[in-house]
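Okay, here's what each chain looks like letter by letter:
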Amino acid sequence: MKCALCLRDEKLRKSHIIPEFFYKNLYDKNPKRYFSVSSEPGKRPNIRQSGIWEYLLCEKCENKLSRWETYAARLFEQEAVIIEKPGRLECHYINYPMFKLLQLSVLWRAGASKRPEFQDINLGPHQERLRKIVFQEQPGSPEKYGCWLLLCPSFKNELQRMMLSPDMVKVNGHRVAHFLIGGIFWNYFVSSHRPEIADYDIFLSQKGVLPITVENEITSEYLINESIRFKKSGNLKHIVPGEKA
Ligand SMILES: [Zn+2]
């Protein structure tokens, strides 16, 4: 079978589309499970017990990705240096190539996946560009497929228990691939011009600063639209107590 990353004919491994460590917070303590929720009306949330995988990569490519995943897992678990600023958190001393390549590999995997959960991630010509970037380990500039992270403290408990089916949305006229991973919204800008969203850099910088925007007036319109999509779908009533369709 052909490996989706190196394109060689190799034995394929069970590859996670979203790294397994991001699911840790999602699992209820007992039993081990989380909700997979879609904003598409009528699609009931799935209760899942482990991350989503498929036969996608050969062993060599799996190992390549797992180096970046191990690095990111350590950051998220204990090693990040986080500084609070007005309206955002900043993680400092991030290894730019390692973390950016992890982010790009998640976007690329979602686009390459044939699983129904990722069917809305259509990257067109960017899919092959991303494959080359990930395969050659050339993360490029911060703006290139930059990922804007957004944290919403007011829905923190709900969001940490959910994994959304990612989809493509518009943010300020930009095409954005939109994920909920580890309780944080990951918004990948799939075009090359710089989005004007905040008066500070919103993407991981080459100096190793990873900003996480905390919801505020600037982002509230985006969050309201997001909430409306989910509320309209009627799917939240299955997981949020008291929520009506
Ligand atoms: Zn491979």
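What counts and what doesn't
Residues numbered from 1 in each chain as written. Predicted model: local features only at pLDDT ≥ 70, side-chain atom pairs only at ≥ 80, totals over all residues. Heavy atoms only, no water. Buried < 20%, exposed > 50% of the residue type's maximum accessible area, 1.4 Å probe, protein only. Helix = DSSP H or I, 4+ residues; strand = E, 2+ residues; numbered from the N terminus. Pairing = 2+ DSSP bridges. Salt bridge = Lys/Arg side-chain N within 4 Å of Asp/Glu carboxyl O. Donors = N, O, S within 2.8 Å, 3.2 Å for Na, K, Ca; no water. Tetrahedral: all angles 85-135°; square planar, octahedral: opposite > 155°, others 65-115°.

S.K.: Give a detailed account of the pairing of strand β9 (residues 167-171), specifying residues and quantitative values.
M.R.: Residues D167, V169 and V171 line the buried face of β9, whereas the alternating positions M168 and K170 sit on a face that is not buried. In this structure, β9 lies alongside strand β10 (residues 174-181), joined through five bridges in antiparallel fashion. Among the inter-strand pairings, M168 is bridged to a residue of β10, identified as A177. Between β9 and β10, which pair antiparallel in sequence order, lie two residues; one of them, N172, sits at a positive phi of approximately 50 degrees.

S.K.: Outline the pattern of salt bridges, supporting the account with residue identities and numerical values.
M.R.: Taken as a whole and judged by the stated rule, the model has nine salt bridges. The partner of E90 in a salt bridge is R88, with the nearest N and O atoms 2.7 Å apart. Residues E90 and R88 agree in their burial class; the two are buried. In this structure, E117 and R115 form a salt bridge, with 2.9 Å as the shortest nitrogen-oxygen distance. For E117, a relative accessible area of 10% translates into the label buried. Note on R115: relative accessible area 23%, which makes it partly exposed. Shared partners join several salt bridges into a network, and the residues in it are K64, R67 and E137.

S.K.: Describe the coordination of the zinc ion, naming the residues involved and giving the relevant values.
M.R.: C3 (SG), C6 (SG), C58 (SG) and C61 (SG) make up the full set of protein donors to the zinc ion, lying at 2.3 Å. Classification of the site at the zinc ion as tetrahedral follows from its four donor atoms and the range of 104 to 117 degrees in their angles at the metal. Taken in chain order, the donor set of the zinc ion reads C-x2-C-x51-C-x2-C. Here C61 lies in helix α1 (residues 59-79) and C3 lies in the segment before β1 (12-16), a separation of 58 residues in the sequence. Per residue, the accessibility class of C3 equals that of C61, and both read buried.

Remember that the coordinates give geometry; whether it matters functionally is a separate question.
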